[in-house]
Protein chains: 2
Amino acid sequence: MELPSKLLENAVNEISQLPGIGKRTALRLALHLLRQPGSQTSMLSQALEKMRNEIQYCNECHNISDAEICKICESPTRDASIICVVEDVRDVMAIEGTGSFKGVYHVLGGKINPIEGIGPSQLNISTLVSKVKERDITEIIFALSSTMEGDTTNFYIYKQLKDYPVLTSTIARGIAIGDELEYADEVTLGRSLMHRIPFEQSIRQV
Amino acid sequence: MELPSKLLENAVNEISQLPGIGKRTALRLALHLLRQPGSQTSMLSQALEKMRNEIQYCNECHNISDAEICKICESPTRDASIICVVEDVRDVMAIEGTGSFKGVYHVLGGKINPIEGIGPSQLNISTLVSKVKERDITEIIFALSSTMEGDTTNFYIYKQLKDYPVLTSTIARGIAIGDELEYADEVTLGRSLMHRIPFEQSIRQV
């Protein structure tokens with residue numbers, strides 16, 4: 001794809017560095033910005049730079065925050081002895097959306113992934129271990145995605161914590177509500193049978 | 001979707017102004033930039049600002065260019081008496097990719113679209129009419145997409161040009177090479193029958 005301008009080519013190359021955006025989409029976005037008033041481009045680029053340079057992370061849970069301690073960690077109504085371990089801010093938002101978790105979070109900032117060169121030292125794991133060591137933590141809930149990387153990360157943290165008197169659990173894997181059994185994969189279906197729950201308990205939760 | 005930081009929220013709002021990018025994708029892109037070195041974000045935002053502020057358009061054909069006259073208009077091997085009218089730079093790139101057009105282009109910068117408030121005065125139509133009036137132009141080829149807006153634009157320009165001794169043509173509409181007849185829409189199939197070409201001519205072109 002030969003572009004008629006170096007400026008355009010440069011912009012297209014930078015946009016296509018973003019995940020899931022190829023050269024064609026990048027060109028479409030660049031041409032869109034050229035058609036819009038210049039203020040839109042400057043607002044976009046300023047918002048990006050400002051976010052990248054000034055963003056803060058909560059000192060407690062490493063979630064993105066506008067203050068040193070985030071609103072969740074600061075709240076007196078949350079139970080700081082139950083920590084839910086998640087990958088990033090999107091997972092915090094998803095769990096908060098359910099309205100059913102009253103503990104606090106610990107954001108790892110990724111998952112162990114040797115192929116992409118992400119090891120335990122690049123994740124917020126040591127601060128989680130210190131919390132368990134120093135404070136009165138009763139339960140650690142692993143809420144990572146059920147992938148090879150998620151399971152590896154869970155297991156790595158589990159090993160670090162197993163000498164301390166803390167309960168570790170993972171979120172339940174099973175058939176999603178509204179899903180048809182015949183389309184479920186075998187591992188999920190097998191596990192949902194193995195970890196079946198008393199019927200009275202399931203109707204009380206509805 | 002409640003975000004934990006105003007800076008992040010601002011960036012997500014700006015990113016999601018881009019066409020085809022919703023709030024969720026915008027959040028994914030913003031979090032990606034936060035995970036990458038700060039240099040990536042500054043290179044992206046600088047490339048966008050530089051493109052938006054410094055881009056030039058060819059004085060002849062209105063295509064994006066790094067100089068006052070673009071490489072195509074400047075080339076002595078191109079026939080400046082045949083002008084192909086297109087919507088934007090992507091169409092120029094697509095036609096150049098075929099290697100079969102040796103005339104020059106005229107980039108309109110859009111199509112007439114009353115619903116989006118785009119009228120003839122916002123497009124590069126008057127300069128095309130002046131060219132036909134003042135120079136020795138033999139043919140104008142309309143190569144806009146075959147949509148309501150494309151057809152409207154073609155017809156508007158055709159009316160402006162009909163008093164001048166210039167041939168106007170449109171690119172052929174028909175069954176795409178490799179396409180199956182049964183999936184073609186009726187209008188396309190009907191037109192491709194109406195505008196059939198002698199068989200000897202078709203095999204000479206292969």
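Position numbers for residues count from 1 along each chain, tracking the sequence in the order it is written. Labels are handed out in written order, letters beginning with A for the chains and numbers beginning with 1 for the ligands. Only residues with pLDDT of at least 70 are given local features in this predicted model, and only at 80 or more are side-chain atom pairs given and counted; all residues enter the totals for whole chains, interfaces and linings. Think of the side-chain values as coming from all heavy atoms in the structure, minus any hydrogens and water.

Asker: Can you break down the sheet that holds strand β4 (residues 103-107) of chain B residue by residue, with the values?
Answerer: Residues and elements named next belong to chain B. The four strands are arranged β4-β3-β5-β6 in an open sheet whose pairing can be described as parallel. In the strand order of this sheet, the two ends are held by β4 and β6 (167-170), each with one partner. Pairwise comparison of adjacent strand axes, ignoring direction, gives a mean angle of 25° for this sheet. By definition, two strands form a pair when at least two bridges between them are found by DSSP. Each helix is a run of DSSP H or I of at least 4 residues and each strand a run of E of at least 2, with the numbering of both proceeding from the N terminus. Bridging between strand β3 (residues 79-86) and β4 involves five bridges; their strand directions are parallel. Bridging from a neighbouring strand, C84 pairs with Y105 of β4. The contact criterion used throughout is that any non-hydrogen atoms of two residues lie within 4.5 Å. Every axis in this analysis is a line fitted to C-alpha atoms, fitted for helices over the stretch in contact. Angles between the N-to-C directions lie between 0 and 180 degrees. Running at roughly 165° to strand β5 (residues 139-142), helix α7 (residues 148-161) makes contact with β3, β5 and β6 of the sheet.

Asker: An account of the pattern of salt bridges is requested, with residue identities and associated values reported.
Answerer: Opposite charge on two side chains permits pairing when their charged atoms draw close. Here, a salt bridge means any Lys or Arg side-chain nitrogen found within 4 Å of an Asp or Glu carboxyl oxygen. Counting across every chain of the model gives 14 salt bridges over all chains. A salt bridge links E9(A) to K6(A); the nearest nitrogen and oxygen atoms lie 3.7 Å apart. One end of the pair is E9(A) and the other is K6(A), both in helix α1 (residues 6-15) and three residues apart, which spans about a single turn. Only protein chains enter the accessibility calculation, which uses a 1.4 Å probe. A residue is then buried if its area is under 20% of the maximum for its type, exposed if over 50%, and partly exposed in between. Under the relative-accessibility criterion, E9(A) is labelled partly exposed at 25%. Here E60(B) and R135(B) are joined by a salt bridge, their closest N and O atoms 2.9 Å apart.

Asker: Now, about the UniProt feature "zinc finger region: C4-type" (unreviewed entry) in chain A: what can you tell me, with residues and values included?
Answerer: UniProt positions are given in the numbering used here, feature names are shortened, and annotations may be inferred rather than shown by experiment. Taking the UniProt record as the reference, the feature "zinc finger region: C4-type" (unreviewed entry) is found at residues 58-73 of chain A. The annotated region residues 58-73 of chain A carries 19% helix and 12% strand content, and the separation between its end C-alpha atoms amounts to 8 Å.

Asker: Let's hear about the relation of the copies chain A and chain B: which residues, and what values?
Answerer: Superposing the copies works by least squares over the C-alpha atoms of residues that have pLDDT at least 70 in both of them. Overlaying chain A on chain B yields an RMSD of 0.1 Å, the required transformation being a rotation through 180° with an accompanying axial translation of 0.0 Å. Such a turn and shift between the copies fits a two-fold axis. Closest approach to the rotation axis within chain A is made by the C-alpha atom of S45(A), at a distance of 2.2 Å. When you check the interface residues of chain A against chain B, 100% turn up at the interface there too, and the contact is symmetric in its surfaces.

Asker: Can you tell me about the packing of helix α3 (residues 38-54) of chain A against helix α3 (residues 38-54) of chain B, naming the residues and giving the values?
Answerer: Relative orientation of the contacting elements α3(A) and α3(B) amounts to 170°, with a least axis distance of 9 Å. Taken together, α3(A) and α3(B) sit at an angle that is classed as roughly antiparallel. Seen from above, α3(A) lies across α3(B) with left-handed handedness. Residues G38(A), T41(A), S42(A), L44(A), S45(A), Q46(A), L48(A), E49(A) and R52(A) of α3(A) pack against G38(B), T41(B), S42(B), L44(B), S45(B), Q46(B), L48(B), E49(B) and R52(B) of α3(B). Throughout this description, any angle smaller than 35 degrees is read as roughly parallel, any larger than 145 degrees as roughly antiparallel, any in the 65 to 115 degree range as roughly perpendicular, and the remainder as oblique. For any helix crossing, the convention is left-handed if the near helix is rotated counterclockwise from the far helix by under a right angle, and right-handed if that rotation is clockwise.

Asker: Go over the interface of chain A and chain B with me, naming the residues and quoting the values.
Answerer: Many authors give the size of an interface as the accessible area that is lost as the parts come together. Across the boundary between the two partners, chain A contributes 53 residues, which contact 53 residues of chain B. Buried area: the accessible surface (1.4 Å probe) lost by two parts on joining, summed over both. Across the chain A/chain B interface, buried area totals approximately 4,900 Å², and carbon plus sulfur atoms make up 70% of it. Sorting the residues of chain A by area buried against chain B places L7(A), L34(A) and R52(A) first, and these three jointly supply 14% of that buried surface. The interface formed by chain A and chain B includes two salt bridges. Think of a polar contact as two N or O atoms within 3.5 Å of one another; within protein, one of them needs to be a possible hydrogen donor and the other a possible acceptor, and neighboring residues in sequence only count if both atoms come from side chains. Taken together, chain A and chain B are joined by 10 residue pairs in polar contact (both at pLDDT 80 or more). No other element matches α3(A), which puts 15 residues into the side of chain A that touches chain B.

Asker: Account for the pairing of β5(B), with residues named and values stated.
Answerer: Residues and elements named next belong to chain B. A two-sided burial pattern is seen for β5, the buried positions comprising E139 and I141 on one face and I140 and F142 on the other. The sheet contact formed by β3 and β5 spans four bridges and is parallel. The residue bridging V85 from the neighbouring strand is F142, located in β5. Bridge analysis of β5 against β6 gives four bridges, and the strand direction is parallel. Residue F142 lies in a different strand from β6, and its bridge partner there is T170.

Asker: Outline the domain arrangement of chain A, listing residues and values.
Answerer: By domain assignment, chain A separates into domain 1 (6-54) and domain 2 (69-171). Here the bounds of each domain stem from an automatic or database domain assignment. Between the C-alpha centres of domain 1 of chain A and domain 2 of chain A there is a distance of 34 Å.

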